[in-house]
Amino acid sequence: MKKITICLLIVGIITSLGIIGSNYFNSSEKLSNDKTLISYYVETGEGTGIYEKQDGTTWPEGYVLNEEKSNCDNGSTLSWDYNNNSVVVTANKGDSCKIYMDVKSAILLADYVESLLASNPNTMNNDDPDDNIRYMGANPNNYVTFNNELWRMIGVFDVKSTANGKAEKRVKLIRADSIGSYSWDSSEASINNGYGINEWSQADIMITLNSGAYWNRTSGTCYRGSKNSTMTCDFSNNGLMDSSKNLIENAVWSVGTIEKNWDSSYVTTITSDFYNAERSNNVGKTCTGGTYCNDTVSRAATWIGQVGLMYPSDYGYATSGGNTYSRGACLKVALYNWSNSAYNDCISNDWLYSLSGNQWTITPTPYSSYSSYVFYVPSSGLVNRNVASGASRIRPVVYLKASVKITGGEGTSTSPYQLSA
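Sequence positions are assigned chain by chain, starting from 1 and proceeding in written order. Residue-level local features of this predicted model are given only where pLDDT is at least 70; pairs of side-chain atoms are given and counted only at 80 or more, and the full residue set underlies all totals for whole chains, interfaces and linings. Neither water nor hydrogens contribute to the side-chain values; these are computed over all heavy atoms in the structure.

1. Focus on the overall build of the protein
Here comes step 1: Starting at the N terminus, helices and strands are each numbered in turn, a helix being any DSSP run of H or I of at least four residues and a strand any DSSP run of E of at least two. When its secondary structure is counted, the protein shows 9 helices and 29 strands.
Here comes step 2: Partly exposed describes any residue whose relative accessible area lies between the buried limit of under 20% and the exposed limit of over 50%, with all areas from a 1.4 Å probe on protein chains only and scaled to the type maximum. When burial is assessed residue by residue, the protein has 54% of its 421 residues classed as buried.
Here comes step 3: In what follows, a contact means two residues having at least one pair of non-hydrogen atoms within 4.5 Å. Residue pairs at least 24 apart in sequence account for 65% of intrachain contacts in the protein once pairs closer than 6 positions are excluded.
Here comes step 4: With residues, only the protein chains shown are counted as cover, and all accessible areas are computed by Shrake-Rupley using a 1.4 Å probe. For the protein, the computed accessible surface area is about 17,500 Å², with 43% contributed by carbon and sulfur atoms.

Here it is, written out as structure tokens:
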């Protein structure tokens, strides 16, 4: 028998039974001179790859041989060389070995998501202007347990925690369901006719999420309606827990908006236009006076905080498209037009879409005579503007710390990924 020392590089990881792994390597293809070509198979059938013998390399950190599952046929054997951190296979020509590897040490969540991109082309993409990795489709496996609830990963983004800080790969989460319907902002009757002010850094819902009742996991007063109308809101069971706050930190959020007034650009603004505009220096107030435009609040194109809302572009890039309208075709259609029945493929294959109610975004809407408009996604599936005092569903969004790790789960709603600090 010929001894072969095999070190393999894993590019795809499947989560099973709380252990990241349970893939197998089957030496079913043979080369000349008794050398074995190692074929990588995933038990769920989600991808294959070919790996040859690599002398002098080491097994990736955290991977260990599952000796109970690994086996060879026809008398060939395998063992784990602990000194060289490699699998040693002693095999006859024509024999096969199944080598099972487990990852029992946690790995960074952002790295894990990144590793899935190549093998999941139907539910993941990185085609926005900055190549951010995003989940897409009607129901991708992007569920995580966060705050003892189901949340979902929008994707992996380069994010700073301070204005002059270094960008890090951080996973962006959104709550799977809303915490209720509230105003984005409201104001007294003399300010913008009571319809609120479209500046996120002072918005009523921003305060609720970042220092108010939701942040403190308690009950309190929330705004719902024009002219500072309020209601009692109770987040004592679904507000942020201290353990959840330990997994997030400040992020620099881009809260810019489109350059042209929405009343003249709604039929032309596609997803990539929103993406670029959100990261611009344009702010939500372009009008100069009048009953609906008389606030004196200064606007900013960035905000530093911990809990925000989704962007219009997050919604657009979450579609995979369908048979009639592909993803590429959907991304060329103005988001305002997505409610047209001709583009049903766009919204029905978008996991951020919801039939059950309107959803706020974080992005202000510039308008020729209003300084209270904000972009939202109504149940019809388009992106449009609404006065900030209107009631829409709130789905909190956070950026996890770059150091957050994955410890198990499969990413489904019944077996969400498990996280640790």
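There is more to say after this.
2. Focus: the state of the cysteines
Here comes step 1: Here, the term disulfide refers to a pair of cysteine sulfur atoms separated by no more than 2.5 Å. Across all of its chains, the model carries 3 disulfides by this definition.
Here comes step 2: One disulfide bridge connects Cys287 with Cys293, the sulfur atoms lying 2.0 Å from each other. Where Cys287 bonds to Cys293 through sulfur, the torsion about that S-S bond is close to 95°, and the disulfide is right-handed.
Here comes step 3: Here Cys330 pairs with Cys346 through a disulfide, and the sulfurs are 2.1 Å apart. In this structure, the disulfide formed by Cys330 and Cys346 twists by about -95° around the S-S bond and is classed as left-handed. Of this pair, Cys330 sits in helix α8 (residues 327-330) while Cys346 sits in helix α9 (residues 344-348), and the two are 16 residues apart along the sequence. Each member of the pair, Cys330 as well as Cys346, is classed as buried.

3. What to know about the pairing of strand β24 (residues 373-377)
Here comes step 1: Most of β24 is tucked away, with 5 of its 5 residues classed as buried.
Here comes step 2: The side-chain alternation of β24 yields two buried faces, one formed by Tyr373, Phe375 and Val377 and the other by Val374 and Tyr376.
Here comes step 3: Paired strands, in this sense, are two strands between which DSSP finds at least two bridges. Between β24 and strand β25 (residues 384-387), which follow one another and run antiparallel, lie 6 residues, and Gly381 among them has a positive phi close to 100°.

4. Some thoughts on the environment of Arg170
Here comes step 1: Tracing the sequence through the fold places Arg170 in strand β16 (residues 168-175).
Here comes step 2: By relative accessible area, Arg170 is classed as buried at 0%.
Here comes step 3: Distance from Arg170 to Tyr399, taken between C-alpha atoms, is 6.2 Å for residues 229 residues apart in sequence.
Here comes step 4: Think of a polar contact as two N or O atoms within 3.5 Å of one another; within protein, one of them needs to be a possible hydrogen donor and the other a possible acceptor, and neighboring residues in sequence only count if both atoms come from side chains. Engagement of the side chain of Arg170 in a polar contact is seen with the backbone oxygen of Leu400, the distance being 2.9 Å.

5. Some thoughts on the pattern of salt bridges
Here comes step 1: The salt bridge criterion pairs a side-chain nitrogen of Lys or Arg with a carboxyl oxygen of Asp or Glu, the two atoms within 4 Å. Taken as a whole, this structure holds 13 salt bridges when the rule is applied.
Here comes step 2: Across the pair Arg279 and Glu278 runs a salt bridge whose closest N-O atoms are separated by 3.0 Å.
Here comes step 3: Relative accessible area serves as the criterion here: at 32%, Arg279 is assigned to the partly exposed category.
Here comes step 4: Owing to a relative accessible area of 1%, Glu278 belongs among the buried residues under this scheme.
Here comes step 5: Put simply, Asp128, Arg134, Lys172 and Asp314 are held in one network by salt bridges that share partners.

6. Structural notes on helix α1 (residues 109-116)
Here comes step 1: Where α1 is concerned, the buried positions are Leu109, Ala110, Tyr112, Val113 and Leu116. Summarising the axial view, the buried residues of α1 lie within an arc of 160°, below the 170-degree limit, and thus occupy one face. This arc is taken over the directions from the axis of the helix to the C-beta atoms.

7. Digging into the packing of aromatic side chains
Here comes step 1: Each pair of aromatic rings taken from Phe, Tyr and Trp, with Trp reduced to its six-membered ring, is defined by centres within 6.5 Å and is described as stacked if the planes are under 30 degrees apart, edge-to-face if over 60, and tilted in the remaining cases. Across all of its chains, the model carries 24 aromatic pairs by this definition.
Here comes step 2: Summarising the aromatic geometry, the rings of Tyr182 and Phe235 are spaced 6.0 Å apart at their centres and angled 65° between planes, so their arrangement reads as edge-to-face. Linking Tyr182 in strand β17 (residues 181-183) with Phe235 in the loop between β19 (230-234) and α4 (242-245), this pair joins segments that are 53 residues apart in sequence. Of the two residues, Tyr182 and Phe235, neither departs from the other in class, the shared state being buried.
Here comes step 3: Geometrically, the ring pair formed by Tyr214 and Phe235 is edge-to-face, given 5.7 Å between the ring centres and 85° between the ring planes. Of this pair, Tyr214 sits in helix α3 (residues 213-216) while Phe235 sits in the loop between β19 and α4, and the two are 21 residues apart along the sequence.

8. Examining the environment of Ser161
Here comes step 1: Structurally, the position occupied by Ser161 is in the loop between β15 (149-159) and β16.
Here comes step 2: When the C-alpha atoms of Ser161 and Ala251 are compared, they prove to be 4.2 Å apart, with 90 residues separating the residues in sequence.
Here comes step 3: Among all residues touching Ser161, those that are not within four sequence positions of it are Arg170, Glu249, Asn250, Ala251, Val252 and Ile304.

9. Comments concerning the sheet that holds strand β11 (residues 107-108)
Sheet strands pair by backbone hydrogen bonding; their relative direction is either parallel or antiparallel.
Here comes step 1: Spatially, 3 strands are ordered β11-β28-β29 in an open sheet, and the strand pairing comes out antiparallel. Strands at the two margins of the open sheet, each flanked by one partner only, are β11 and β29 (418-420).
Here comes step 2: Two strands pair when backbone bridges link them, and strand β28 (residues 405-408) and β29 are joined in this way by 3 bridges, in the antiparallel orientation. Bridge pairing in β29 links Lys405 to Ser420.

10. A word on the nonpolar core
Here comes step 1: The criterion is simple. A nonpolar core is a set of buried Ala, Val, Leu, Ile, Met, Phe, Trp, Tyr and Cys residues joined through side-chain atoms within 4.5 Å. By size, the foremost hydrophobic cluster in this structure holds 83 residues, and its most contacted members are Phe146, Trp200 and Leu400.
Here comes step 2: Ranked by residues supplied to this core, first place goes to β15 with 6 residues.
Here comes step 3: Contact partners of Leu400, with chain neighbours within four places excluded, come to Leu109, Phe146, Arg170, Val171, Leu173, Leu247, Ile248 and Leu419.

11. Quick look at helix α6 (residues 271-278)
Each α-helix turn comprises 3.6 residues. Residues three or four places apart therefore point the same way.
Here comes step 1: The complete set of buried residues in α6 reads Thr271, Phe274, Tyr275, Ala277 and Glu278.
Here comes step 2: Each element contacted by the buried residues of α6 is listed here: β13 (133-135), β20 (251-254), α5 (262-265), α7 (312-317), β23 (359-364) and β24.

12. Here we look at the confidence of the model for the protein
Here comes step 1: When pLDDT is averaged along the protein, the result is 84; 77% of the residues meet or exceed 70.
Here comes step 2: The quantity called pLDDT is the predictor's confidence in a given residue, expressed from 0 to 100. This model gives residues 1-62 a pLDDT under 50, and the stretch forms 174 contacts once residues within four places in sequence are excluded.

13. Thoughts on unusual backbone geometry
Glycine aside, a negative phi is what most residues show, and trans is what most peptide bonds show.
Here comes step 1: Despite not being glycine, Asn147 has its phi angle at roughly 60°, a positive value.
Here comes step 2: With respect to the helices and strands, Asn147 occurs in the loop between β14 (143-146) and β15.

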